[in-house]
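Each chain, letter by letter, is given below.
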Amino acid sequence: MLRIQIITIIASLAFLFLVFRMVVKGRLREEYSIIWLLFTGILVVFSFWEKGLLLVSNMFGIYLPANLVFTISIFIALVYLLHLSVVASKLQKQNKLLAQEMALMKIEIEKMKEEIKSE
Amino acid sequence: MMNILIIIPCFNEQASLPRLISELGNLKLPEKYNVSVCVVNDCSTDDTKQVAKKLDVILIDLPVNLGIGGAVQSGLKYALLNNYDLAVQMDGDGQHPPAELEKMIACYEETGASLVIGSRFIVKEGFQSSFLRRLGITYFHWLNKFFTGASIYDSTSGFRLFDKKAIQLSARYYPDDYPEPESLVFFSKAGLAIKETPVIMVHRNGGQSSIRSFTSFYYCVKVTLAMFFSFIRKP
């Protein structure tokens, strides 16, 4: 077994464990963990199966297997960042709505208090 | 009887608010108009909330800072909820003199437009703001003409009158920051009539404009993008 292989196996397994623990502890929601589990799983598979990477690179006509890894991981990171921006936008929208509802509700409560007092 | 809600979005306006409210109280509008004043405290860090509480106004106290658009929309939602016929958005820093309200209402009565903008530029009177800001406003005039087909001179003016239709639309969707030019595209796409009437504005009594020099480039880019997307979005 190559030294680099041992390093990637340890690193990807450690990462997988980290994601698992975060989901268990409730610090990462399941729907966001799917993508992390999936890609860490792929990493683990390719760290064990060294010929696999070469095979896939040849399939895509990529000369160096490392380039395949870089291209795919950068692309995935970009897509995931976009997804996070969408999530942030949604949260901001919900946050605004909640703040407005709350402020309007405060007025209603004040009105009710006044009514009770005057009765 | 027409009920008007005057919406004053406030971020740190403790200095200018009492005078503005008392001026509004002295306002003489035609008999059939019944005016209420609503202060939207956008999570001010000064004593705006306490100052507003002592005044005879409806106070919408936002728990987090939403920016001018979110604050104005809160007021418009209140207007919709309580069945107001008209709503007027007015700055809390005193640069929109309450007396000018009469002109806006007169314009509304005359034209029946859904949105009346109080404009600094139709007749060049009073406070005209700095050169760079005027340059920006010229740019937005051109942009508005392109996107809405209407010639609106003061598209960044925050002195505006909404009728019921405009209130309803804004309660559903209103842009967050720098909302004025973008909402014009949105309104005109929804088929609302927009009219502009000259008003005199004065130098602010206190506080800061939400548009400062180092953010003005970002402002231009953001508003241009927002107007473009409002333009291509289905209403």
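For every chain, the first residue of the written sequence is number 1, and numbering continues from 1 onward in sequence order. To label them, take the chains in the order written and letter them from A, then take the ligands in the order written and number them from 1. For a predicted model such as this one, the threshold for reporting local features is a pLDDT of at least 70, and the threshold for listing and counting side-chain atom pairs is 80 or more; totals across whole chains, interfaces and linings nevertheless cover every residue. The side-chain figures draw on all heavy atoms in the structure; neither hydrogens nor water molecules are used.

Colleague: Give a description of the overall build of chain A that names residues and reports values.
Modeller: Put simply, DSSP marks the helices as runs of H or I at least four residues long and the strands as runs of E at least two long, and each gets a number from the N terminus on. Of the regular secondary structure elements, chain A holds four helices and zero strands. Each helix and strand of chain A, ordered N terminal to C terminal, gives the series α-α-α-α. Computation of the radius of gyration draws on C-alpha atoms, with the globule rule given as 2.2 Å multiplied by the number of residues to the power 0.38. In summary, chain A has a C-alpha radius of gyration of 25 Å against a globular reference of 14 Å for 119 residues, an excess of more than 25%. Once the C-alpha set of chain A is aligned to its principal axes, its extents read approximately 85 × 30 × 15 Å. Classification of residues uses two cut-offs on accessible area relative to the type maximum, computed with a 1.4 Å probe and protein chains only: under 20% is buried, over 50% is exposed, and between them is partly exposed. Split into buried and exposed, the 119 residues of chain A put 19% on the buried side.

Colleague: A description of the packing of helix H4 (residues 65–118) of chain A against helix H3 (residues 67–81) of chain B should follow, citing residues and the corresponding values.
Modeller: Close contact between H4 of chain A and H3 of chain B brings their axes to 10 Å; oriented N to C, the two are set at 50 degrees. Put simply, H4 of chain A runs oblique to H3 of chain B. Between H4 of chain A and H3 of chain B lies a crossing whose hand is right-handed. Seen from H4 of chain A, the contacting residues are Lys96, Leu97, Gln100, Leu104, Ile107 and Lys111 of chain A; seen from H3 of chain B, they are Gly70, Gln73, Ser74, Lys77, Tyr78 and Leu81 of chain B. When residues are sorted by character, Ala, Val, Leu, Ile, Met, Phe, Trp, Tyr, Cys and Pro go into the nonpolar class, Asp, Glu, Lys and Arg into the charged class, and all the rest, Gly among them, into the polar class. Its residues assigned to classes, the contact of H4 of chain A with H3 of chain B comprises five nonpolar, four polar and three charged. To obtain each axis, a line is fitted to C-alpha atoms, and for helices this fit is confined to the stretch in contact; angles are then taken between N-to-C directions over 0 to 180 degrees. Each angle is binned into one of four classes, with values under 35 degrees roughly parallel, values over 145 roughly antiparallel, values of 65 to 115 roughly perpendicular, and all other values oblique. Two helices that cross are described as forming a left-handed crossing if the nearer one is turned anticlockwise from the farther one by less than a right angle, and a right-handed crossing if clockwise. By definition, residues are in contact when any of their heavy atoms lie within 4.5 Å.

Colleague: Report on unusual backbone geometry, specifying residues and quantitative values.
Modeller: Residues and elements named next belong to chain B. Of note, the phi angle at Cys43 is positive, near 55 degrees, even though the residue is not glycine. As for its placement among the helices and strands, Cys43 is situated in the loop between strand E2 (33–41) and helix H2 (48–54). Look at Asn83: it is not a glycine, yet its phi comes out positive at around 60 degrees. One can find Asn83 in the loop between H3 and strand E4 (86–89).

Colleague: Let's hear about the pairing of strand E3 (residues 58–61) of chain B: which residues, and what values?
Modeller: Sheet faces and side chains relate simply in a regular strand, where the side chains alternate between the two faces. Residues and elements named next belong to chain B. Residues Ile58 and Ile60 point to one face of E3 and Leu59 and Asp61 to the other, with burial holding for every one of them. What makes two strands pair is DSSP finding at least two bridges between them. Summarising the sheet, E2 and E3 pair through four bridges and their orientation is parallel. Directly across from Val40, in E3, lies its bridge partner Ile60. Taking the sense of rotation as the criterion, the β-α-β connection linking E2, H2 and E3 turns out right-handed. Seen with its strands pointing away from the viewer, a crossover is right-handed if its path from the first strand over the helix to the second goes clockwise.

Colleague: Quick rundown of the interface of chain A and chain B? Include the residues and the values.
Modeller: Contact residues are listed per partner, giving 12 residues for chain A and 17 residues for chain B. Summed over both partners, buried area is the accessible surface (1.4 Å probe) that two parts give up on being assembled. Interface area for chain A against chain B, summed over the two sides, is near 1200 Å², with a carbon-plus-sulfur share of 61%. Note on definitions: salt bridges are taken to be side-chain nitrogens of Lys or Arg within 4 Å of carboxyl oxygens of Asp or Glu. Counting the contacts that link chain A with chain B gives two salt bridges. Note that Asp61 of chain B and Lys106 of chain A form a salt bridge whose closest N and O atoms lie 3.2 Å from each other. Side-chain atoms alone can form a polar contact between residues adjacent in sequence; in general such a contact is a pair of N or O atoms within 3.5 Å, and within protein one must be able to donate a hydrogen while the other accepts it. Remark: the boundary between chain A and chain B carries eight residue pairs in polar contact (both at pLDDT 80 or more). When the residues that make up the side of chain A that touches chain B are grouped by side-chain class, the tally is six nonpolar, three polar and three charged.

Colleague: How would you summarise helix H1 (residues 3–24) of chain A if you had to cite specific residues and measurements?
Modeller: An α-helix turns once every 3.6 residues. As a result, residues three or four positions apart point the same way. Residues and elements named next belong to chain A. Relative to the 32 Å expected for 22 residues at 1.5 Å per residue, H1 spans 32 Å between its end C-alpha atoms, a close match to the ideal helical length. When H1 is considered as a whole, its buried residues turn out to be Gln5, Ile9, Ser12, Leu16 and Val19. Along the axis of H1, the buried residues cluster in a sector spanning 100 degrees; they form a single face. Of the exposed residues in H1, those oriented more than 90 degrees away from the buried face are Arg3, Ile7, Ile10 and Phe17. Residues of H1 that are buried sit in contact with helix H2 (30–48) and helix H3 (50–60). Immediately beyond the C-terminal end of H1, within one or two residues, lies Gly26, with a positive phi of roughly 80 degrees. Given the number of residues in a helix, its expected span is that number minus one, multiplied by 1.5 Å. It is the directions from the helix axis to the C-beta atoms whose arc is reported.

Colleague: Mind laying out the packing of aromatic side chains, listing which residues take part and the relevant values?
Modeller: Only Phe, Tyr and Trp rings are paired, with Trp represented by its six-membered ring, and only when their centres lie within 6.5 Å; those with planes under 30 degrees apart are stacked, over 60 edge-to-face, the remainder tilted. A full pass over the atoms with the stated rule returns 16 aromatic pairs over all chains. Taken together, a centroid distance of 6.0 Å and an interplanar angle of 15 degrees make the contact between Phe46 of chain A and Trp49 of chain A stacked. Residue classification places Phe46 of chain A among the partly exposed positions, given a relative accessible area of 26%. We classify Trp49 of chain A as partly exposed; its relative accessible area is 45%. By the ring-pair criterion, three or more aromatic residues cluster together here, those being Tyr139, Phe140, Trp142, Phe146, Phe147, Tyr178, Tyr218, Tyr219 and Phe231 of chain B. As a reminder, the over-ring test applies to NZ of lysine and CZ of arginine, requiring each to be within 6 Å of the ring centre and within 35 degrees of the ring normal. Lying over the aromatic face of Phe231 of chain B, Lys189 of chain B brings its terminal NZ or CZ to 5.9 Å of the ring centre.

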